Amino acid sequence: MKRMNRRDFLRTSGAAAAATLAATPGLTYAQMVGSGAPFGDYKALVCIFMFGGNDSFNMVVPSSNAEYNAYAASRQNLAINQQDLLAINPQTSDGATYGLHPAMSSLQQLFNNTDDVALVSNVGPLIEPTTRDQIYNQSVDVPPQLFSHNDQQDQWLSLRGKSVSKTGWARRMADLILINVAGQQMATNASLFGNNTFQAADDTVPYVMGQNGPDQCAYMSSDPNAGLLYDQGLAFGRIIDAQFGSIYERGFAQVQRRAIDNAELVSGAIQAAEDSGAITTVFPQGQLGTQLSTVAKLIASRDLLQMERQVFFVATGGFDSHDNQNQDQPGLLANISECISAFHSAMTNDLQIGDEVTTFTQSDFGRTLTSNGDGTDHAWGGNQIVVGGAVNGRDMYGPDPSLELGQNNPDDVGGGRLIPATSADQYAATLAKWFGIPDVDLDIVAPHIDNFMQRDLGFMV
């Protein structure tokens, strides 16, 4: 008899629960799976995705003379002046010194004045440890369609390698803790930037909302003072609560009822946070600042929603810097810096739960070291940011690559495209372990983690 492993159990129990839910109107997933051992604490992960491929080698820059000279020679007209770099002071040293892009003063202050910021160097999708010679000899597996936006976004968000995967690593985390968080009133995964691969699910369905919260139906209202809109809302409620003979009609009605109930629940939680004045931090205007402000309000209402674990997906774009990089990148990086700083302030100062919330960045890929004349092209490895009170911060993780071009740089696979020294699987596994995923299950979240000696990069407490 074949032994059922945890992965098979989750898949089987998820299918059984889905079948029971379909057959039993009003039965929630939490009621189906029963109450497991709750965590008894709260933790949230907040993913900030920078769509387009952030040129992170201008975000974190070596400032010591020898390393800076190699950087400047490679970057040419894109190089930031050495004296303009914002100095950071990592707790450990590799012999070089570093600075941040001059537009990132908020992040610089957070890095230098707290222990809450880690920088992860030259990280990207890998299937196994990879060298340039192995790539040239075709003796190593690498993710397919390198340097393609859609494919590499999918790699970061799903960690699928060469396999076809319909699920993201946030969804797999949610499935693993499904029974532990059975009492939650809101889905573990929530997106404020539409449907995404990161939270794509078979069993634990993410909740998708707008940047200000759930989108309201323009044709009806639950406000008794709304006149015709209120009457239409009552009429629609009577329709979807009616007894239908067809399983398809009942299924459609149940979907509509859940959508309305969830929208009211989440909107009420956001309103409760606003009414309480729990968040006093002023967020930057714009898409990302608005999304993070809404996330902060939902976290403020975590007790009201009986939440123990949450994963939020927020995003912003504009990072595909083939052109006008010197003009566009300062504003993009300033926005990332200021939004991260504001969110950290809301968690630490307003809600005083900085240790319980971790924010991290992802992007399609890094950019080429070389300039194309006005910008950069698609590459591979890049630098990422992790922020939170549980971060082993004021430090840099992973070997920092040489930024020299050509055959003298073993990390350069050609055209200034750097092979990642650290895998996206290791990055994700480190976050998942802090989130509460047991080490034995990390290969479910990060399928290639067993190919790497270091399963935990050490940037989380």
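Cut-off values and rules
Residues numbered from 1 in each chain as written. Predicted model: local features only at pLDDT ≥ 70, side-chain atom pairs only at ≥ 80, totals over all residues. Heavy atoms only, no water. Helix = DSSP H or I, 4+ residues; strand = E, 2+ residues; numbered from the N terminus. Buried < 20%, exposed > 50% of the residue type's maximum accessible area, 1.4 Å probe, protein only. Contact = heavy atoms within 4.5 Å. Areas by Shrake-Rupley, 256 points an atom, 1.4 Å probe, with all protein chains shown as cover. pLDDT = per-residue confidence, 0-100. Pairing = 2+ DSSP bridges. Axes fitted to C-alpha atoms, helices over the stretch in contact; angles between N-to-C directions. Core = buried A, V, L, I, M, F, W, Y, C linked by side-chain atoms within 4.5 Å. Arc of directions from axis to C-beta. Salt bridge = Lys/Arg side-chain N within 4 Å of Asp/Glu carboxyl O. Parallel < 35°, antiparallel > 145°, perpendicular 65-115°, else oblique. Left-handed = near helix turned anticlockwise from the far one by under 90°. Nonpolar A, V, L, I, M, F, W, Y, C, P; charged D, E, K, R; others polar. Phe/Tyr/Trp six-rings, centres within 6.5 Å; stacked < 30°, edge-to-face > 60°.

Next up on the list: the overall build of the protein. The helix and strand tally for the protein stands at 13 helices and 12 strands. Expressed as a percentage of the 461 residues in the protein, the buried residues total 51%. Counting contacts in the protein only where the partners sit at least 6 residues apart, residues at least 24 apart contribute 73% of the total. Taken as a whole, the protein presents about 19,700 Å² of accessible surface, with 50% of it coming from carbon and sulfur.

Attention now moves to the confidence of the model for the protein. Summing up the model confidence of the protein, the mean pLDDT is 89 and the portion of residues at 70 or higher is 85%. Within the model, pLDDT remains below 50 along residues 1-35, and this stretch shows 36 contacts once partners closer than five positions in the same chain are excluded.

This brings us to the environment of P125. With respect to the helices, strands and loops of the structure, P125 is situated in the loop between β5 (117-124) and α5 (132-137). P125 sits in the buried class, given a relative accessible area of 4%. Along the chain, P125 and L159 lie 34 residues apart, while their C-alpha atoms are 7.2 Å from each other. Excluding its chain neighbours within four sequence positions, the residues that come into contact with P125 are P143, Q152, Q155, W156, W380, P420 and A424.

If you walk across this open sheet you meet the three strands as β2-β4-β3, and the pairing is antiparallel. Two strands bound the open sheet, and with one partner strand each, they are β2 (60-62) and β3 (86-88). Between one strand axis and the next, the sheet turns through 40 degrees on average, direction left out of account. The pairing of β2 with strand β4 (residues 98-100) spans three bridges and is classified as antiparallel. Across the sheet, the residue bridging to V60 is L100, located in β4. In the packing of helix α4 (residues 105-113) onto the sheet, the strands contacted are β3 and β4, and the crossing angle to β3 comes to about 20 degrees.

What follows is about the nonpolar core. By size, the foremost hydrophobic cluster in this structure holds 55 residues, and its most contacted members are I299, F343 and I385. Core analysis: the second largest hydrophobic core is formed by 42 residues, A315, F360, Y397 and W434 among them.

Within helix α3 (residues 65-75), burial applies to Y68, Y71, S74 and R75. The buried residues of α3 all sit within an arc of 130 degrees when viewed along its axis, so they share a single face. With respect to the buried face of α3, the exposed residues turned more than 90 degrees away are N65, A66 and A73. Next to the buried residues of α3 lie β2.

A few words on the pattern of salt bridges. Pairing between side chains of opposite charge can happen when their charged atoms approach one another. One pass over the full model with this rule turns up 11 salt bridges. K162 is the salt-bridge partner of D141, the closest N and O atoms lying 3.3 Å from each other. Of this pair, D141 sits in the loop between α5 and α6 (149-158) while K162 sits in the loop between α6 and α7 (169-176), and the two are 21 residues apart along the sequence. We classify D141 as partly exposed; its relative accessible area is 35%.

For the pair helix α10 (residues 287-300) and helix α11 (residues 325-350), the least separation of the axes is 10 Å and the interaxial angle reads 15 degrees. On the basis of their axis angle, the class for α10 and α11 is roughly parallel. The interaxial crossing formed by α10 with α11 has right-handed handedness. Two secondary-structure elements touch here, α10 through L288, G289, L292, V295, A296 and I299 and α11 through N335, I336, C339, F343, A346 and M347. Its residues placed into classes, the contact of α10 with α11 shows 10 nonpolar, two polar and no charged.

On to the packing of aromatic side chains, then. Scanning the entire structure with this criterion turns up 12 aromatic pairs. When the centroid spacing of 5.9 Å and the interplanar angle of 85 degrees are considered together, the rings of W156 and Y427 count as edge-to-face. Of this pair, W156 sits in helix α6 while Y427 is found in helix α12 (residues 424-435), placing the two residues 271 residues apart along the sequence. Each member of the pair, W156 as well as Y427, carries the same accessibility label: buried. Between Y397 and F459 the ring centres are 6.1 Å apart and the planes differ by 70 degrees, which places this aromatic pair in the edge-to-face class. You can see Y397 sitting in strand β11 (residues 395-397) and its partner F459 sitting in the segment after α13 (442-445), a full 62 residues away along the chain. Residue classification places Y397 among the buried residues on the basis of a relative accessible area of 14%.

Now for the pairing of strand β9 (residues 357-363). Most of β9 is tucked away: seven of the seven residues are buried. The alternating pattern of β9 places V357, T359, T361 and S363 on one face and T358, F360 and Q362 on the opposite face, and all of these are buried. Pairing analysis gives two bridges linking β9 to strand β10 (residues 382-387), with the strands arranged antiparallel. Residue pairing in the sheet places F360 in a bridge with V386 of β10.

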